Amino acid sequence: MCRTSCDVIWRRTAIRRTMNNRERRQNRVAAFIHDVWNCGREEMVGGYIAKNYTVHHDPGDPWDGQILNVADFIARLKICRAPFPDQRFDIQNMCVNDDAVTICWLWEATQAGDLPDFPATGQRIRMSGATHYLFDFEDKISGHWQVTDRLGVFQQLQKNGSITRALSGSRRDGSATGAR
């Protein structure tokens, strides 16, 4: 195979372009997590996600398998953040390839709002997970695959609810506890 100087320059440029795309996507995901999920900046959603965002795989998420437009995504953001307004994702690791960015994260938040069967407790909840973000041809995030420790969250909510009820002197059925 004959290599010309143009061939070598083209390959170097292609490698640089790939690295730049990877770095740009890595930075985009980190900024998206910070601005949208940690800070709740709804007005910034359209700058990060594609017009059609697909929740490819997210068991336990009400939006699993759905395609969301920007307005739908903002509605999802509001609903997800409402009980946990101080939530924080701490990215532990990031893997980048040509088409996607995968992050491993730790999440922590105070349950400040009610969830079905779990009234607000003011207690901290922790969770870990991994999210694989996909990109479209405009370099916008077009969807995700995600696995999270929802069972661990459920167990913490149950435990926190028991602690809160014990401290308030009431049982699960609402009747008072202690001597009468």
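Quick caveat, the model's predicted, so the values are computed rather than measured. (Residues numbered from 1 in each chain as written. Predicted model: local features only at pLDDT ≥ 70, side-chain atom pairs only at ≥ 80, totals over all residues. Heavy atoms only, no water.)

Undergrad: What's the story with unusual backbone geometry in this structure? I'm lost.
TA: Most of the time, phi is negative for any residue but glycine, and the peptide bond is trans. In this structure, Asp117 takes a positive phi of about 70 degrees despite not being glycine. We classify Asp117 as exposed; its relative accessible area is 67%. Of note, Asp139 is a non-glycine position whose phi angle comes to about 70 degrees, a positive value. If you trace the backbone, Asp139 turns up in the loop between β5 (124-135) and β6 (141-148). (Buried < 20%, exposed > 50% of the residue type's maximum accessible area, 1.4 Å probe, protein only. Helix = DSSP H or I, 4+ residues; strand = E, 2+ residues; numbered from the N terminus.)

Undergrad: For this particular structure, what's the right way to read the nonpolar core?
TA: The nonpolar side chains of a soluble globular protein tend to be buried with one another. Val29, Phe32 and Phe73 are the most contacted members of the largest nonpolar core, which has 31 residues in total. Within the residue set of this core, elements represented by two or more residues are α1 (5-38), α2 (45-48), β1 (49-57), α3 (70-81), β3 (88-96), β4 (100-110), β5 and α4 (150-168). Sequence-distant contacts of Phe32, that is, excluding residues within four places in its chain, are made with Trp37, Tyr48, Ile49, Phe73, Tyr133 and Ile141. (Core = buried A, V, L, I, M, F, W, Y, C linked by side-chain atoms within 4.5 Å. Contact = heavy atoms within 4.5 Å.)

Undergrad: Would you take a moment to explain the side chain of Asp61 for this structure?
TA: Relative to the elements of secondary structure, Asp61 occurs in the loop between β1 and β2 (67-68). Engagement of the side chain of Asp61 in a polar contact is seen with the side chain of Arg76, the distance being 2.7 Å. Beyond its immediate stretch of four places on either side in the chain, Asp61 contacts Arg76 and Arg150. (Polar contact = N/O pair within 3.5 Å; in protein donor to acceptor, adjacent residues only side chain to side chain.)

Undergrad: Before we go on, may I ask you to explain the sheet that holds β1 in this structure?
TA: Backbone hydrogen bonds hold the strands of a sheet together, and the pairing may be parallel or antiparallel. In space, the six strands of this open sheet follow the order β2-β1-β6-β5-β4-β3, with mixed pairing throughout. Two strands close off the open sheet at either side, each with one partner strand: β2 and β3. With eight bridges joining them, β3 and β4 adopt antiparallel strand pairing. Bridging across to β4, Cys95 finds its partner in Thr102. (Pairing = 2+ DSSP bridges.)

Undergrad: I keep staring at the layout of surface pockets and nothing clicks. Help me out?
TA: Using a probe with the size of a water molecule, rolled over the atoms, empty space left in the structure can be pinpointed. Taken as a whole, the largest pocket spans an internal volume of roughly 820 Å³. Together, 33 residues line the largest pocket, and Asp61, Cys80, Phe84, Met127 and Arg150 are the ones closest to its centre. Elements represented by at least two residues in the lining of the largest pocket include exactly α1, α3, β4, β5, β6 and α4. Of the residues in the lining of the largest pocket, the class split is 23 nonpolar, six polar and four charged. (1 Å grid on protein atoms, 1.4 Å probe; cavity = no way out; pocket = protein on both sides within 12 Å on 5 of 7 lines; lining within 4 Å. Points joined across faces, edges and corners; volume = space filled by probe spheres on them. Nonpolar A, V, L, I, M, F, W, Y, C, P; charged D, E, K, R; others polar.)

Undergrad: Please explain the pattern of salt bridges as it appears in this structure.
TA: It is possible for side chains bearing opposite charge to pair when their charged atoms get close. Here the structure, examined in full by the defined rule, presents eleven salt bridges. A salt bridge links Arg76 to Asp61; its shortest N-O distance comes to 2.7 Å. Of the two residues, Arg76 sits in helix α3 while Asp61 sits in the loop between β1 and β2, which places them 15 residues apart along the sequence. For Asp61, a relative accessible area of 9% translates into the label buried. Linked through salt bridges whose partners overlap, the residues forming this network are Asp58, Asp61, Arg76 and Arg150. (Salt bridge = Lys/Arg side-chain N within 4 Å of Asp/Glu carboxyl O.)

Undergrad: Whenever I open this one, the packing of aromatic side chains confuses me. Can you help?
TA: Two numbers describe a pair of aromatic rings. These are the distance of the centres and the angle of the planes. With the rule as written, the count across this model stands at eight aromatic pairs. Centre to centre, the rings of Trp37 and Phe73 are 5.9 Å apart; their planes meet at 70 degrees, and the pair counts as edge-to-face. You can see Trp37 sitting in helix α1 and its partner Phe73 sitting in helix α3, a full 36 residues away along the chain. Just as Trp37 is buried, Phe73 falls in that class too. Ring centres 5.7 Å apart and planes at 90 degrees place the aromatic pair Phe118 and Phe154 in the edge-to-face group. Residue Phe118 is found in the loop between β4 and β5, and its partner Phe154 is found in helix α4; the two are separated by 36 residues along the sequence. The exposure class of Phe154 is partly exposed, given its relative accessible area of 39%. Put simply, the rings of Phe32, Trp37, Tyr48, Tyr53, Phe73 and Tyr133 touch in pairs and so form one group of aromatic residues. (Phe/Tyr/Trp six-rings, centres within 6.5 Å; stacked < 30°, edge-to-face > 60°.)

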